[in-house]
Amino acid sequence: MKIGIGLDARLGLPFDQLRAAAREAAQLGFESVWTPAGGVPDSFHLCAAWSHDTSLRTGISVVPAARMWTPLALAAQAATLAQLSAGQFVLGLGTGGYGPGFWASVGLPDRPIAVMREYVTEVRGLLAGQQVTAGPIIARADSAPGAPGWPQSASLGLADLPPAPVYLAALGPQMLRLAGQVADGVLLNWATPERIAVSREQIDAGAARAGREPGSVPTTMYIRVCIDHDVAAARQAFGAQVLGYAMGQPGTPQGAGYRGLFAQMGFDAELSELEQRRDRGVAMPELVDAASEELLRAVGYYGPAAPAAAAFARLSAGLDEAIVRIVTARPGLEPVSQAM
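Residues numbered from 1 in each chain as written. Predicted model: local features only at pLDDT ≥ 70, side-chain atom pairs only at ≥ 80, totals over all residues. Heavy atoms only, no water.

### Considerations on the side chain of Arg57
Going by this rule: Labels follow the DSSP assignment, with helices taken as runs of H or I lasting at least four residues and strands as runs of E lasting at least two, numbered in each case from the N terminus. Burial classification: accessible surface area is computed with a 1.4 Å probe over protein chains only, and a residue below 20% of its type maximum counts as buried, one above 50% as exposed, and the rest as partly exposed. N or O atoms closer than or at 3.5 Å make up a polar contact, with two conditions inside protein: a donor-capable atom paired with an acceptor-capable one, and, for residues adjacent in sequence, both atoms drawn from side chains. Here, residues are in contact when the closest pair of their heavy atoms is within 4.5 Å.
Position of Arg57 relative to the elements: it lies in strand 3 (residues 57-64). Residue class for Arg57 comes out buried when judged on its relative accessible area of 15%. Among the polar contacts listed, one links the side chain of Arg57 to the side chain of Glu321, at a separation of 2.9 Å. Every residue in contact with Arg57, bar those within four places of it in the chain, is listed here: Lys2, Glu31, Ser32, Val33, Trp34, Gln88, Val90, Tyr167 and Glu321.

### Concerning the packing of helix 2 (residues 43-53) against helix 4 (residues 71-84)
Just so we agree on the cut-off: Inter-axis angles, ranging from 0 to 180 degrees, are taken between N-to-C directions of lines fitted to C-alpha atoms, where helices are fitted over the stretch in contact. For classification purposes, angles smaller than 35 degrees are called roughly parallel, those larger than 145 roughly antiparallel, those between 65 and 115 roughly perpendicular, and all remaining angles oblique. Only Asp, Glu, Lys and Arg are considered charged in this grouping, and only Ala, Val, Leu, Ile, Met, Phe, Trp, Tyr, Cys and Pro are considered nonpolar; every other residue, Gly among them, is considered polar.
Where helix 2 meets helix 4, the axes come as close as 9 Å, and the angle between the chain directions of the two elements is 10°. With respect to their mutual orientation, helix 2 and helix 4 come out roughly parallel. In contact with Phe44, Cys47, Ala48 and Ser51 of helix 2, helix 4 contributes Leu74, Gln77, Ala78, Leu81 and Leu84. The class makeup of the residues in the contact of helix 2 with helix 4 is seven nonpolar, two polar and no charged.

### Observations regarding the pattern of salt bridges
Test applied: For this analysis, a salt bridge means a side-chain nitrogen from Lys or Arg found within 4 Å of a carboxyl oxygen belonging to Asp or Glu.
Using the criterion set out here, one finds 13 salt bridges in the structure. Between Asp320 and Arg200 there is a salt bridge whose closest N-O contact spans 3.1 Å. Remark: Arg200 occurs in helix 9 (residues 193-209) and Asp320 occurs in the loop between helix 14 (308-315) and strand 11 (321-326); sequence separation between them is 120 residues. Measuring nitrogen to oxygen at the nearest pair gives 3.0 Å for the salt bridge that ties Arg278 to Asp279. Overall, Asp279 belongs to the exposed group, its relative accessible area being 54%. If you follow the salt bridges from partner to partner, you end up with Arg19, Arg23 and Asp53 in one network.

Here it is, written out as structure tokens:
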């Protein structure tokens, strides 16, 4: 299993310190460095700097494709990083949201599987040097003014580019099967080892549809880790991230997205109680205090350094690549270095 490091804007580090953290990660033996899109510094620029500073593979997990990008723009960015990194860059794509309200806000139909099928196949085709015709969903020839789009047919105008694998972020069974069928890899998130095993079955089912061998589509996941001698502070920092994903937002389907994922992993009743408290005005710190150890420890680790490696090994069972996504309870570069 490969082990990478995850660094992102939530750490509050400026560009030069994120570069310093990646250099230290390389010295410590990590094999890759990843960041999500949507923050500052920009993820593509950050991966370019990391590729310049180190020999590590770099990756973005994930770009919220439907919210921010066209396939042509994504392929151009990925092709540039493929050249800068000599083929050591991974582009992770995700929807960027879920539910009818989200899809209406980006001017696309509430058909996430069809949307992501077009994104992945078109970006991969462009990166392979092909002339690609836009699919009917993303092109939206009859869409409302202002909705993003791209030319009906396009290419990057280059051939023989270094490889730039396109991974797909997937939670539910349909998206997992799609990833196994059309993507170069799969990005899970917030999954227990039991859920990883179930996900791999769905990925393999999709791979079989494309004539791929079982286990041939690599599976990668962030595992959040907050290392701090102040256990209460670490619990607050880590727990806020867990609940920020796990609790459903008013107006969104309870069975969709991360809320649905955590429910399927056995935490529906607890999350319903926490959501009721939140809706009565209870603030996040108090909600974290009320969250069970079972919920928090199921998907990551917080606390002192000594037990962290064993917890990480348990949580990463079944992955091809596990990414230590660093969460810190204190500002600055020092807690990041200590966690690594």
